[in-house]
Amino acid sequence: MSKQTISEVVRLLEEDGLIRETGRTSGHVGRSAVTYELVPEAAFVGAVDLGGTKLRVALVDLVGRILAEAVEPTVKTGGAAVTAQIGRLVRQVAAQAGVDFARVRLLVAGCPGVPDADSGSVQFAPNIPGLDTMDVRGALGAELGVEVVLENDVNLAVLGEHWIGCGAGLDQLAYVALGTGIGAGLIVNGALLRGAGGAAGELGYLPFGADPFEPESLRVGALERVVATQGIRDHYRRLTGQERSVPDIFSAAETGEAAAQEVLRATARTLARAVAAIAAISNPEMVIIGGSIGARPSLIAALRRELAACFPAPPRIEPSPLGNHAALAGAAAVGLTHLHTALFAQGVPGGAIALPAA
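About the cut-offs
Residues numbered from 1 in each chain as written. Predicted model: local features only at pLDDT ≥ 70, side-chain atom pairs only at ≥ 80, totals over all residues. Heavy atoms only, no water. Helix = DSSP H or I, 4+ residues; strand = E, 2+ residues; numbered from the N terminus. Buried < 20%, exposed > 50% of the residue type's maximum accessible area, 1.4 Å probe, protein only. Contact = heavy atoms within 4.5 Å. 1 Å grid on protein atoms, 1.4 Å probe; cavity = no way out; pocket = protein on both sides within 12 Å on 5 of 7 lines; lining within 4 Å. Points joined across faces, edges and corners; volume = space filled by probe spheres on them. Nonpolar A, V, L, I, M, F, W, Y, C, P; charged D, E, K, R; others polar. Phe/Tyr/Trp six-rings, centres within 6.5 Å; stacked < 30°, edge-to-face > 60°. Lys NZ or Arg CZ within 6 Å of the ring centre and 35° of its normal. Axes fitted to C-alpha atoms, helices over the stretch in contact; angles between N-to-C directions. Parallel < 35°, antiparallel > 145°, perpendicular 65-115°, else oblique. Pairing = 2+ DSSP bridges. pLDDT = per-residue confidence, 0-100. Expected span 1.5 Å × (residues − 1).

## Section: the environment of Gly 167
No. 1: Mapped onto the elements of the fold, Gly 167 is located in the loop between α4 (153–164) and β10 (173–178).
No. 2: The class of Gly 167 is buried, set by a relative accessible area of 0%.
No. 3: For the pair Gly 167 and Ser 320, spaced 153 residues apart in sequence, the C-alpha separation works out to 9.2 Å.
No. 4: In this structure, Gly 167 is in contact with Glu 161, His 162, Leu 173, Met 286 and Ile 288, ignoring residues within four places of it in sequence.

Put into structure tokens, the structure is as follows:
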């Protein structure tokens, strides 16, 4: 572009409050150049990580900083109560950060299951009732008056790890989240793999663990019935006749209790089969393990042992360095990409702007 065109573009961006002058260059031959930077507070993204037990919401500025965050238990009734809860928390974090809500331009919400692009509903999310029969995207848009992007939560987690986590820059990457449920996000050849219906990575429905032909496996998934929270608790109860939480079971395993150690071994072995299935199909350089259960060091260590015993070329296994912020980081990455393109590239093909180093 000509100097005149560039000057005009810069003037318009400055008038819109999107960039500001920071100074002039010096020490070079010729005339000094005026330098500019983004105005971080010109626009904001709401980032949401909706889980079966916890809801986490953050407000992110144009350079990727989280300005405020809130977390609380997910309302158990699901459906419209969940979208209302999200709306309340998004407004809460904006107020907490002292941000005029009119500057919040986009909401990126990660949720378990498969968002349906046509209906706005979320399918295959049995841990949060009612999302499959309502327009979740529309309800959130009406609640907040902003554009809404719905995405699978584990897809967001792998995007977050690919942006600023231990998988940064890797072209072949997998993220497995194990907690209330189980799911995977896959980066193949540098891009997120979605599949024909957006259901790539729905590990819970792998046909092993429980009997895949039982009706409950069609609702929850054969693998998820065995390896996620409820399956772990059921296994321990069958061995001991006692009810314990998953953290208590794993803590008991780490102190040497035989029944708890058996549950840990069985969980790691089943999880190893799932990771081996991913490795056989997509051949990732690294598999990152996250989630409230997956993040436990004892499970990571047992998984590495079991995977080496059942797969000839196991990928590198790493715990998630972003922890419970992985999906929020991914939501920020998606939101900033959308917002930067809308504000600065105006939808021009090839005009996407690189994400900041958050």
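## Regarding the layout of surface pockets
No. 1: Estimates place the volume of the largest pocket at around 930 Å³.
No. 2: Mapped onto the lining of the largest pocket, the elements with two or more residues apiece are β4 (54–61), α4, β10, β11 (182–188), β13 (286–290) and α11 (326–345).
No. 3: When its residues are assigned to classes, the lining of the largest pocket shows 19 nonpolar, 19 polar and 6 charged.
No. 4: Reported here for the second largest pocket is a volume of approximately 430 Å³.
No. 5: Lining the second largest pocket are 21 residues; nearest its centre among them are Val 149, Glu 151, Leu 192, Arg 194 and Val 334.

## Overview of the packing of aromatic side chains
No. 1: Applying the stated criterion across every chain yields a total of 1 aromatic pair.
No. 2: Both rings, one in Phe 124 and one in Tyr 205, keep their centres 5.6 Å apart while their planes meet at 75 degrees; by these two values the pair is edge-to-face. Here Phe 124 is found in the loop between β8 (122–123) and α3 (136–144), whereas its partner Tyr 205 is found in the loop between β12 (191–192) and α5 (215–219), with 81 residues between them in sequence.
No. 3: By relative accessible area, Phe 124 is classed as partly exposed at 46%.
No. 4: Take Tyr 205: its relative accessible area is 27%, and that puts it in the partly exposed class.
No. 5: Geometry around Phe 101 places Arg 91 over its ring, the cationic atom sitting 4.3 Å from the centre.

## What to know about the packing of α4 against α11
Axis angle and axis distance: for two packed helices, these are the angle between their axes and the distance between the axes, and together they describe the pair.
No. 1: At a closest axis distance of 6 Å, the pairing of α4 and α11 adopts a crossing angle of 80 degrees. As judged from the angle between their axes, α4 and α11 are roughly perpendicular. Between α4 and α11, the contacting residues are Asp 153, Leu 156, Ala 157, Leu 159, Gly 160, Glu 161, Trp 163 and Ile 164 on the first element and Ala 326, Ala 327, Ala 329, Gly 330, Ala 331, Ala 332, Ala 333, Val 334 and Leu 336 on the second.
No. 2: Split into classes, the residues belonging to the contact of α4 with α11 amount to 13 nonpolar, 2 polar and 2 charged.

## So, the sheet that holds β12
No. 1: A sheet is described by the order of its strands in space; here 5 strands give the open sequence β12-β11-β10-β13-β14, paired in mixed fashion. Two strands bound the open sheet, and with one partner strand each, they are β12 and β14 (316–319).
No. 2: Lying on the sheet, helix α10 (residues 297–310) is in contact with β10, β13 and β14; it crosses β14 at an angle near 170 degrees.

## Some details on the confidence of the model for the chain
No. 1: The share of residues in the chain with pLDDT of 70 or more is 96%, and the mean pLDDT across the chain is 92.
No. 2: The least confident element of the chain is strand β2 (residues 34–38), whose mean pLDDT is 83; the most confident is β13, at 98.

## So, helix α9 (residues 258–282)
No. 1: The terminal C-alpha atoms of α9 lie 36 Å apart, and with 25 residues this matches the ideal 36 Å at 1.5 Å per residue to within 8%.
No. 2: Following α9 by one or two positions, Asn 283 has its phi on the positive side, about 50 degrees.

## Details of the side chain of Thr 83
No. 1: On the secondary structure map, Thr 83 appears in helix α2 (residues 79–96).
No. 2: With residues near it in sequence (within four places) discarded, Thr 83 still touches Met 134, Val 136, Ala 139, Leu 140 and Glu 143.

## Let's talk about empty space enclosed by the protein
No. 1: Taken as a whole and judged by the stated rule, the model has 1 cavity of 30 Å³ or more.
No. 2: Here the largest cavity is characterised by a volume of approximately 40 Å³.
No. 3: For the largest cavity, the full set of lining residues is Leu 50, Val 82, Ile 86, Ala 109, Cys 111, Leu 131, Val 136, Leu 140 and Leu 150.
No. 4: Of all elements in the fold, only α2, β6 (104–111) and α3 reach the threshold of two or more residues within the lining of the largest cavity.
No. 5: Grouping the amino acids of the lining of the largest cavity by side-chain chemistry returns 9 nonpolar, no polar and no charged.

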